[in-house]
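# Report on the structure
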Amino acid sequence: MSAEFGGRTGRQGRLSQWLRGRRPNPEQAADEGGREDLLLAAAGAGLPLAPAAHPAAGYGCSCDRVGCPTPARHPVSFAWQTQSTTDRAQIERWARHQPQANFITATGMVHDVLDVPFDAGREALTRLLDAGVEVGPVAESDDGRLLFFTLTRGTPEDEDEWWPCELDCHPETMDEHPGLRWHCRGSYVLVPPARLPGGDGRSVRWVRGPEHPLPDPLSLLEVLTDSCARHADEQPDHAATAWPLRH
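Note that the structure is predicted; figures quoted are calculated from it, not measured.

Scanning the chain from N- to C-terminus turns up eight helices and 11 strands. When each of the 247 residues of the chain is scored for burial, the buried share is 51%. A fraction of 78% describes how many contacts in the chain between residues 6 or more apart in sequence connect residues 24 or more apart. Of the roughly 12,000 Å² of accessible surface on the chain, 49% is carried by carbon and sulfur atoms.

See below:
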């Protein structure tokens, strides 16, 4: 279900291949686990799931919205936050009755997601694992992002202490977290296995599966932001266009 490091002295399995530029085949990854099994594994790890749209007609979306701005990347229901669940029976029903559907996982309940540009994320992942940091689940998206799943910030008793996800995308925060999207309360990401528009096997898939415990986000943040900043310096135009957070 996931790729592994083979210890401090050597890299083994699909993760080492991926880090050397030979990414795993998404169809092969699906065959190894199966769509329903992968979804249930994510739910079993505490990630609340809800059905999402799927690709249609090339770059199109299965929803009925003309010119959908986020094809195959959004929930099918406006009530996705309350609909999201880890209930095994419900997820099995959704998966079997909607065999083409992608699934999202709602962030800010159990987990957050630190979403970074691919090259910066690849560098950060290597640094973190070499340093012996407990990274947790990581997903790769063929739209050029790497998703680090972490524990959520928490659920403060005072509602005013919530840090809603929309605050993470304000332009004035770019110098602090360049290229980083912090999905927390009020946001979501696609959960593997998911298909992206455009054909050619474009997908979202696990690099490290949900069997890995969720880490504290602060244990990853410094390395992730450092990698994002250095890659933003190399490609400033891409850093600016990669910032918007909300789906």
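Here the narrative resumes, following the displayed structure.
Attention now moves to the packing of aromatic side chains. Taken as a whole, this structure holds three aromatic pairs when the rule is applied. Taking 5.1 Å as the distance between ring centres and 55° as the angle between the ring planes, the aromatic pair formed by Phe149 and Trp206 counts as tilted. Of this pair, Phe149 sits in strand S7 (residues 145-151) while Trp206 sits in strand S11 (residues 203-208), and the two are 57 residues apart along the sequence. Accessibility classification places Phe149 together with Trp206 in one group, the buried group.

This part covers the environment of Asp87. Here Asp87 shows up in the loop between helix H4 (80-83) and helix H5 (88-97). Judged by relative accessible area, which is 39%, Asp87 ranks as partly exposed. Side-chain polar atoms of Asp87 contact the backbone nitrogen of Gln90, separated by 2.9 Å.

This brings us to the pairing of strand S6 (residues 138-141). Burial along S6 is two-sided: Val138 and Glu140 facing one way and Ala139 and Ser141 facing the other are all buried. Inspection of the sheet shows S6 paired to S11 by four bridges, in the antiparallel sense. For Ala139, the partnering residue across the bridge sits in S11 and is Trp206.

Cut-offs and rules
- Residues numbered from 1 in each chain as written.
- Predicted model: local features only at pLDDT ≥ 70, side-chain atom pairs only at ≥ 80, totals over all residues.
- Heavy atoms only, no water.
- Helix = DSSP H or I, 4+ residues; strand = E, 2+ residues; numbered from the N terminus.
- Buried < 20%, exposed > 50% of the residue type's maximum accessible area, 1.4 Å probe, protein only.
- Contact = heavy atoms within 4.5 Å.
- Areas by Shrake-Rupley, 256 points an atom, 1.4 Å probe, with all protein chains shown as cover.
- Phe/Tyr/Trp six-rings, centres within 6.5 Å; stacked < 30°, edge-to-face > 60°.
- Polar contact = N/O pair within 3.5 Å; in protein donor to acceptor, adjacent residues only side chain to side chain.
- Pairing = 2+ DSSP bridges.

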